[in-house]
Amino acid sequence: MTGYLRRLGLFDAAMVVMGGIIGGGIFLNPSIVAQRAGSATGVLITWSVGGVIGLAGALCFAELGGRRPEAGGGYVYLSEAFGALPAFLYGWTFLFVINAGGIAAVAVTFARYGAVLTGLSADWVTPMAVAAIVVLSAINYVGVQVGAAVQNAFTVLKLAALALLIVAGLTARPAPPTAGVASHATTISIGTLGVALIPVLFTYGGWAHANNVGGELKDGKRTLPRAIIIGVFGVIAVYILANAAYIHALGVDVLASSPAPASEVLRRTLGPAGSTLISLGIVASTLGFVSVAIMSAPRILQAMAADGLVLPSASALHPRFNTPHVAILIQGGWAAVLTVSGTYGQLLDYVIFGDWIFFGLIAATIFRYRAADGSRGGMAGQGYRLPWYPILPALFVATCAYVVASSVASNPSNALVGAGLIGLGIPVFLWHSRQGAKA
């Protein structure tokens with residue numbers, strides 16, 4: 001019987017973690033955070049608090065990954081802890097809206113920068129985005145090692161681009177002080193922090209991609225937790241240093257008003273060549289994110305199909321490449337359709353809050369697993385345990401609830417439509433369950 005092969009090591013897994021978190025957000029979102037935080041201190045506090053929250057979530061996923069290093073990640077944990085319906089709704093929402101929409105959106109971002117760098121017209125953006133999805137799907141089709149090698153290269157390139165940004169920004173002539181009172185503030189109010197945290201938390205999301213490929217990690221019980229912890233600590237350091245570089249080189253006022261702060265820093269320090277270099281970095285960063293999304297998500301679809309909850313053919317693993325090849329084709333094809341249709345942006349606006357609903361639910365599975373440990377008299381065979389249980393997972397779940405509530409409050413009509421899209425999975429689940437019962 002064809003099964004997953006455990007071929008990926010610690011470096012591969014850490015690159016998946018970092019590649020899944022670092023997309024285009026760190027090159028763009030700092031300006032939004034500066035607008036909301038209003039001061040250099042506020043910006044750095046916001047990114048630091050966001051890092052602590054992201055680390056709390058990552059530690060939850062590290063324990064879950066150590067317990068169950070299986071392909072499918074969050075779907076597996078939800079299914080075992082809370083049952084098939086919540087697990088299905090997670091897979092339904094993540095696969096067909098959040099992940100596919102994210103692939104489309106980030107692929108279009110890649111294509112826009114790529115078109116400018118190559119001198120192509122805007123008419124080429126959509127074909128380039130679709131081509132990127134097709135090529136990266138093909139690479140992941142022929143083996144997880146090939147996909148991981150490509151992913152590693154993109155992640156190293158994006159880290160190199162961020163290192164260039166950090167060094168250039170921190171060694172640049174300091175931005176002149178501004179006259180605004182807010183820019184000299186040394187504190188930030190709870191209310192302001194809460195508003196500024198929203199884009200930061202979305203920029204920190206993505207560590208769960210490594211859990212989805214847990215079934216292909218060597219010594220997954222040890223490798224997965226270590227990769228998540230190393231990767232998330234690395235991202236926190238990079239994000240805080242990048243924001244310090246933005247503030248040093250641009251000042252808070254310019255950072256808040258700049259639509260492309262990374263390009264602005266490199267243009268000021270290295271001239272036109274700097275803008276070109278950071279554009280190349282953004283191309284590598286966006287392609288890396290698309291690559292890891294295409295690598296990880298089909299493992300969820302394959303696990304759902306193996307449980308009889310979606311198309312049976314999607315459960316198949318390729319007899320030669322040991323990859324969920326049908327699931328990869330379905331995910332890539334749907335992402336390409338969303339890219340061509342241009343509907344991905346609205347879909348993401350509708351359900352992006354759903355990502356944090358499921359982050360919270362998946363983290364909450366720890367309470368069920370720990371309760372089961374107690375009934376069995378211990379945790380024999382389970383490796384990594386997150387510290388400060390139950391406080392840490394409880395705080396993370398509460399934060400997820402806050403993010404969801406804030407997203408709903410900011411746009412209730414979108415949230416209502418998004419809830420409807422998530423709820424559409426219920427009749428699909430019931431239909432597939434009946435089909436499975438008849439079989």
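Residues numbered from 1 in each chain as written. Predicted model: local features only at pLDDT ≥ 70, side-chain atom pairs only at ≥ 80, totals over all residues. Heavy atoms only, no water.

## Side note on the overall build of the protein chain
Of regular secondary structure, the protein chain possesses 17 helices and zero strands. For the protein chain, whose C-alpha radius of gyration is 21 Å, the value lies close to the compact-globule estimate of 22 Å for 439 residues. Each principal axis of the C-alpha atoms in the protein chain carries an extent, and together these give about 70 × 50 × 45 Å. In the protein chain, which comprises 439 residues, the share counted as buried stands at 56%. Here the contacts in the protein chain between residues at least 6 apart in sequence split such that 83% fall between residues at least 24 apart. Looking at the protein chain as shown, the accessible area adds up to about 17,000 Å², and 69% of this sits on carbon and sulfur atoms. Positive and negative charge centroids in the protein chain, built from 22 and 13 side chains respectively, lie 4 Å apart. (Helix = DSSP H or I, 4+ residues; strand = E, 2+ residues; numbered from the N terminus. Rg over C-alpha atoms; globule rule 2.2 N^0.38 Å. Buried < 20%, exposed > 50% of the residue type's maximum accessible area, 1.4 Å probe, protein only. Contact = heavy atoms within 4.5 Å. Areas by Shrake-Rupley, 256 points an atom, 1.4 Å probe, with all protein chains shown as cover. Lys, Arg positive; Asp, Glu negative; His and termini not counted. Charge placed at Lys NZ, Arg CZ, Asp CG, Glu CD.)

## A short note on the packing of aromatic side chains
For the structure shown, the criterion picks out 17 aromatic pairs. Ring geometry for Trp-356 and Phe-359: centres 5.0 Å apart, planes at 85 degrees, overall edge-to-face. One end of the pair is Trp-356 and the other is Phe-359, both in helix H14 (residues 344–376) and three residues apart, which spans about a single turn. An aromatic cluster of at least three residues, connected via ring pairs, comprises Phe-61, Phe-202, Trp-207, Trp-356, Phe-359 and Phe-396. The cationic tip of Arg-370 hangs over the ring face of Tyr-389; the distance from NZ or CZ to the ring centre is 4.2 Å. (Phe/Tyr/Trp six-rings, centres within 6.5 Å; stacked < 30°, edge-to-face > 60°. Lys NZ or Arg CZ within 6 Å of the ring centre and 35° of its normal.)

## Observations regarding the pattern of salt bridges
For the structure shown, the criterion picks out nine salt bridges. It is possible to trace a salt-bridge network through shared partners that takes in Glu-63, Arg-67, Arg-370 and Asp-373. (Salt bridge = Lys/Arg side-chain N within 4 Å of Asp/Glu carboxyl O.)

## Focus: helix H13 (residues 325–341)
Here H13 contains 17 residues, and its C-alpha end-to-end distance of 24 Å stays within 8% of the 24 Å for a straight helix at 1.5 Å per residue. Every buried residue of H13 is accounted for by His-325, Ala-327, Ile-328, Gln-331, Gly-332, Ala-335, Ala-336, Leu-338 and Thr-339. One side of H13 carries all its buried residues, which in axial view fall inside an arc of 160 degrees. Away from its buried face by more than 90 degrees, H13 exposes Leu-329 and Val-340. Just past H13, the residue Gly-342 takes up positive phi, approximately 75 degrees. (Expected span 1.5 Å × (residues − 1). Arc of directions from axis to C-beta.)

## Considering unusual backbone geometry
The omega torsion across Tyr-389 and Pro-390 is 5 degrees, close enough to zero to call that bond cis. Tracing the backbone through its elements, the reader meets Pro-390 in the loop between H14 and helix H15 (391–410). A positive phi angle, near 55 degrees, is found at Asn-322, a position not held by glycine. Position of Asn-322 among the secondary structure elements: in the loop between helix H12 (272–306) and H13. For Asn-322, a relative accessible area of 12% puts it in the buried group.

## Digging into the layout of surface pockets
The calculated volume of the second largest pocket comes to roughly 160 Å³. Forming the walls of the second largest pocket are Tyr-4, Arg-68, Glu-70, Ala-71, Val-76, Gln-302, Ala-303, Ala-306, Asp-307 and Leu-317. Here the lining of the second largest pocket gets three residues from one element, more than from any other, and that element is H12. Residue classes in the lining of the second largest pocket are distributed as six nonpolar, one polar and three charged. (1 Å grid on protein atoms, 1.4 Å probe; cavity = no way out; pocket = protein on both sides within 12 Å on 5 of 7 lines; lining within 4 Å. Points joined across faces, edges and corners; volume = space filled by probe spheres on them. Nonpolar A, V, L, I, M, F, W, Y, C, P; charged D, E, K, R; others polar.)

## Quick word on the environment of Pro-86
By the element assignment, Pro-86 lies in helix H5 (residues 84–118). On a C-alpha basis, the gap between Pro-86 and Ala-394 in space is 19 Å, while along the polypeptide they are 308 residues apart. Each residue touching Pro-86, except ones within four places of it in the same chain, is listed here: Leu-78 and Phe-358.

## Focus: the side chain of Asp-355
For Asp-355, the location among the structural elements is in helix H14. The side chain of Asp-355 sits in the buried core without any salt bridge; Lys-158 is the nearest counter-charge, 15 Å away. With sequence-adjacent residues up to four places away left out, Asp-355 is seen in contact with Phe-94 and Ile-98.

## Things to note about helix H3 (residues 40–67)
For H3, with 28 residues, the first-to-last C-alpha span of 41 Å sits near the 40 Å given by 1.5 Å per residue. Counting buried positions along H3 gives 21 out of 28 residues, so the element sits mostly inside the fold.

## Structural notes on the side chain of Asn-322
In this structure the side chain of Asn-322 is engaged in a polar contact, spanning 2.9 Å, whose partner is the backbone oxygen of Gly-3. Ignoring anything within four residues of it in the chain, the contact list for Asn-322 reads Thr-2, Gly-3, Tyr-4, Leu-5 and Glu-216. (Polar contact = N/O pair within 3.5 Å; in protein donor to acceptor, adjacent residues only side chain to side chain.)

## Some thoughts on the packing of H5 against H12
Interhelical geometry of H5 versus H12 gives an angle of 160 degrees and a closest axis separation of 9 Å. Looking at the two axes, H5 sits roughly antiparallel to H12. Crossing handedness for the pair H5 and H12: left-handed. Broken down by class, the residue content of the contact of H5 with H12 amounts to 24 nonpolar, eight polar and no charged. (Axes fitted to C-alpha atoms, helices over the stretch in contact; angles between N-to-C directions. Parallel < 35°, antiparallel > 145°, perpendicular 65-115°, else oblique. Left-handed = near helix turned anticlockwise from the far one by under 90°.)

Function cannot be read off these values alone, since they describe shape.
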